[in-house]
Amino acid sequence: MIKVECDGAVHEFPAKISAGKVIKEVHGKKSGAIAASVNGEEKDLSYLLSQNCKIDIIKDNSEEGLYIMRHSCAHLLAQAVTQLFPDAKPTIGPPIENGFYYDFYMEPINEGDLNKIEKLMRKIVKQNLPIEREEHDNETLRKMFSNNSFKMEIMDDKIGQEVGSSVYRQGDFVDLCRGPHVESTAKLKWFKLTNTSQAFWRADSSRETLVRIYGMCYSSKEDLQARETLLREAAKRDHRKLGKDLQLFHIDEMVGQGLILWTPRGTVVRNELQRFISEHLNRQGYKQVYTPHIGKLDLYRTSGHFPYYQDSQYPPIVKRETLQRLSDEGCSCGDLSNLMSKGEIDGYMLKPMNCPHHLRIYVSQPRSYRNLPLRLAEFGTVYRWEQSGEISGMTRVRGFTQDDAHLFVTEDQIEPELLGCIELVKVIFGTLRMKNYRVRIGLRGSDSEKYVGNPKQWDKAEAACRNAAASLGVEFSEEPGEAAFYGPKIDFIVKDVLGREWQLGTVQVDYNLPERFNLTYTGSDGEKHRPVMIHRAPFGSMERFCGVLIEHFNGMFPTWLSPTQVHILTISEKQIDYANQIAQSLSEVGIRIEMDTGDDTIGKKLRTHRSMRPAYLVILGDDEQKKETISFMGPDREQVNGIPVNDFISKVISEIKSKK
RNA sequence: GCCACCGUAGCUUAGCCCGGUUGAGCGGCUGACUUGUAAUCAGCAGGCCGAGGGUUCAAAUCCCUCCGGUGGCUCCA
């Protein structure tokens, strides 16, 4: 007999009883157990207990339980795939948030195949195949998987780490796996294959390309349906769809991939955001500057951006004379391309960053410690050659405007200036009601050669980042290896409704560029000193930020940001004069309006104008005209009748001022 | 850049498998109606079916290349 503690009570059982049986005895058949935690270790329900222990149930709807179920679902997928495509070699198939994936070495498949696979998976579920664990020594395992080089590679890596390894068998499918798994294929019901894609073995693009199949999996029909509903809702608030419907921006194939055309309504939103941040810049002592969109290659050679990052830059603009001279010298296209990639050619480049221009503003005058910190700010547009497959809507683009600034500071000023930067980000996120974000401090990794600057400076700067974040009371994570090569950074990462993360604001310390551009200031000691530079962009880019913002507000912007704040609708043509009069009163005080005095019914007008999601809809009929009032629907779309125009105006104005 | 899928009017889409001069709804314009809360009625205009090439007597439809988009992978100073 052994003593088993389960659910706070100690029970006695004969030895070699399975974990599942114990749970069944203690909790009954409907325990919802999918696996067991034995002395804190996750085990199959079939795991045999040989000595005294403590058991906890792992329920099918718990986080651990879902992961186990999803992992089993990945095996189910692999079983179906290998049955349909005998040449397919399973590689790895982990559980992930909401589901699982499995990577196979096989010929590419299409959507039709996906349906076939899913059908077969459901058939296997009906067969109720037991999923059984087997333990083997390394030699046996190697024999079992000798025809799968990927599994062999996994085993090679694990040699010495694990004594003996396990496989899981269901029907005639066997997979190398540490488990645990659900008891039988019948436990897997609420899943759905979602998409396929290509992946690389070990995420290395020089290795084998694999076919990845994604699926989602839940413990109940309701959860699966809820996820499907969420995905549908998210599709509705997708900024690419809303951007089109609400006429905020346009991407035109004739202009180019990843290049945003801000249409009038979108431009209003962007201008309001820029005005908002400009106010704070002035308050914090920034100086605004303008710099051109291009610069000589020499500028970027000095900064180090060229030729090092040329793969992600638009190619240089080469001067006509240079081309002519090279041609006269007998230079071929191949030679030219070679010269370009080595950077041995003169020309201009679209700027990939604003900092080089700002650095040249710094050196345009002698600087003393009395001038520092010098804070140069610019809504600067930069161009980067993102990979074509990466470009998407407003969030991944090839031309974007950073709300950029560079702070030139002394070593001692790093921390207070970082604080100011984070403060700004906090104000912005607070004003825009973005609560779902995290702060990441990127620190040096272990490969010290990658980083410039001396270790003492780094220590100091890293401490400054930590202190700045901490003193603002924001929660943050420290992630070694996430620093830029030139200094530590603080990133602000926003999570959207689908759980996708977007890096928006960023604050970075830089020791590299002041060195490269030989920046100096005269200290109180009369000696030359090297300033430190801080890059910061609280929005990140206007494009990405607006894209995220559109989805965040579901297109229903707060009044101050609303492209058109008040839409005025008349009941009939009798109110046209009155409507004009109201429109003028609103426009005079700077409220953005749109009027509809057309001959549609009021029902139709409301339908049309609601779809544009203005903050306010004003309705004018005979009643309102007679009493010199208006009726309106606010953001909540509750109607309020008979309000004097001036009362309405003060309400809207105060809302705009307070940015509510 | 890579893999899979997609591209028909401003928008949403039928037709594509199985080749035989694109059909609709919304929107636009014109007219009638003058309206009190999520689509008033009628008429008209709008498409070399993403571009180029090929197969064919004949291509939106089949094949190839390119461009653009979507989902992932890889990348993101």
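Structure shown above.
Just so it is clear, the model here is predicted, and its values are computed rather than measured.

Participant: So what exactly am I meant to see when it comes to the protein's contact with RNA strand B here?
Facilitator: Taken together, 51 residues lie near RNA strand B, and Ser197, Gln198, Glu390, Asp599 and Gln639 sit nearest. Sugar and phosphate atoms constitute 48% of the interface atoms of RNA strand B, taking the interface as everything within 4 Å of the protein. Between RNA strand B and the protein, one listed contact pairs a base oxygen with a backbone N or O atom of Asp599 at 2.3 Å. Side-chain polar atom of Arg610 to a base nitrogen of RNA strand B: 3.0 Å apart, as the coordinates give it. For the surface near RNA strand B, the elements supplying multiple residues, two or more each, are strand S14 (190-200), strand S15 (209-218), helix H18 (602-610) and helix H19 (622-627). Within the surface near RNA strand B, the residues separate by chemical class into 15 nonpolar, 20 polar and 16 charged.

Participant: Just checking my understanding: could you explain a nonpolar patch on the surface for this structure?
Facilitator: A cluster of nonpolar residues, Ile294, Ile317 and Tyr348, forms a patch on the protein surface that exposes about 230 Å² of accessible area. Tracing the sequence through the fold places Tyr348 in strand S21 (residues 347-350).

Participant: What is the right way to read the sheet that holds strand S31 (residues 566-570) from this model?
Facilitator: Hydrogen bonding along the main chain pairs the strands of a sheet, whether they run parallel or antiparallel. Spatially, the five strands line up as an open sheet ordered S32-S31-S33-S34-S35, and their pairing is mixed. At either end of the open sheet lies a strand with only one pairing partner, and these are strand S32 (593-596) and strand S35 (639-644). Averaged over all pairs of adjacent strands, the angle between their axes in this sheet comes to 25°, without regard to strand direction. Direction of pairing for S31 relative to S32: parallel, over a ladder of four bridges. The residue of S32 that forms the bridge with Leu569 is Asp596. Contacts from H18 reach S31, S32, strand S33 (616-620) and strand S34 (629-633), with the element oriented near 165° to S31.

Participant: Any chance you could explain the sheet that holds strand S1 (residues 2-6) here in plain terms?
Facilitator: Strand order in the open sheet formed by five strands is S2-S1-S7-S4-S5, and the pairing between neighbours is mixed. Each of the sheet's edge strands pairs with one partner strand only, and the pair in question is strand S2 (9-13) and strand S5 (41-43). Averaged over all pairs of adjacent strands, the angle between their axes in this sheet comes to 35°, without regard to strand direction. Strand direction decides the pairing type here: strand S4 (residues 33-38) and strand S7 (residues 53-59), joined by five bridges, are antiparallel. Note that in S7 the partner of Ser37 across the bridge is Asp56. Against the sheet, helix H1 (residues 19-27) engages S1, S2, S4 and S7, with an angle of about 80° to S7. Strands in contact with helix H2 (residues 63-84) are S4, S5 and S7; relative to S7, the strand with the most contacts, it is inclined by about 70°.

Participant: Before we go on, may I ask you to explain the packing of helix H17 (residues 576-588) against helix H20 (residues 645-658) in this structure?
Facilitator: How two helices sit against one another is set out by the angle between their axes and by the gap between those axes. Interhelical geometry of H17 versus H20 gives an angle of 35° and a closest axis separation of 11 Å. Crossing handedness for the pair H17 and H20: right-handed. For the pair formed by H17 and H20, the contact residues are Tyr578, Ile582, Ser585 and Leu586 on the first element and Val645, Phe648 and Ile649 on the second. Of the residues contributing to the contact of H17 with H20, the split by class is six nonpolar, one polar and no charged.

Participant: Just checking my understanding: could you explain the packing of aromatic side chains for this structure?
Facilitator: Working definition: an aromatic ring pair is given by the centre-to-centre distance plus the angle between the planes. Taken as a whole, this structure holds 19 aromatic pairs when the rule is applied. Ring geometry for Tyr616 against Phe632: centres 5.6 Å apart, planes inclined by 65°, an arrangement best described as edge-to-face. Of the two residues, Tyr616 is situated in strand S33 and Phe632 in strand S34; the sequence distance between them amounts to 16 residues. Of the two residues examined, Tyr616 and Phe632, each falls in the buried class. Three or more aromatic residues joined by ring pairs make a cluster, and in this case those are Tyr105, Phe150 and Trp201. One residue, Arg270, lies across the ring of Trp262, its end atom 5.0 Å from the ring centre. For the cation-ring pair, Arg398 lies above Trp385, with the distance from its terminal atom to the ring centre recorded as 3.7 Å.

Each value, and the rule that gives it
- Residues numbered from 1 in each chain as written.
- Chains lettered and ligands numbered in written order.
- Predicted model: local features only at pLDDT ≥ 70, side-chain atom pairs only at ≥ 80, totals over all residues.
- Heavy atoms only, no water.
- Near = heavy atom within 4 Å.
- Polar contact = N/O pair within 3.5 Å; in protein donor to acceptor, adjacent residues only side chain to side chain.
- Helix = DSSP H or I, 4+ residues; strand = E, 2+ residues; numbered from the N terminus.
- Nonpolar A, V, L, I, M, F, W, Y, C, P; charged D, E, K, R; others polar.
- Patch = residues over 30% accessible without salt bridge, like charges linked within 9 Å, V, L, I, M, F, W, Y side chains within 5 Å.
- Areas by Shrake-Rupley, 256 points an atom, 1.4 Å probe, with all protein chains shown as cover.
- Salt bridge = Lys/Arg side-chain N within 4 Å of Asp/Glu carboxyl O.
- Pairing = 2+ DSSP bridges.
- Axes fitted to C-alpha atoms, helices over the stretch in contact; angles between N-to-C directions.
- Contact = heavy atoms within 4.5 Å.
- Left-handed = near helix turned anticlockwise from the far one by under 90°.
- Phe/Tyr/Trp six-rings, centres within 6.5 Å; stacked < 30°, edge-to-face > 60°.
- Buried < 20%, exposed > 50% of the residue type's maximum accessible area, 1.4 Å probe, protein only.
- Lys NZ or Arg CZ within 6 Å of the ring centre and 35° of its normal.

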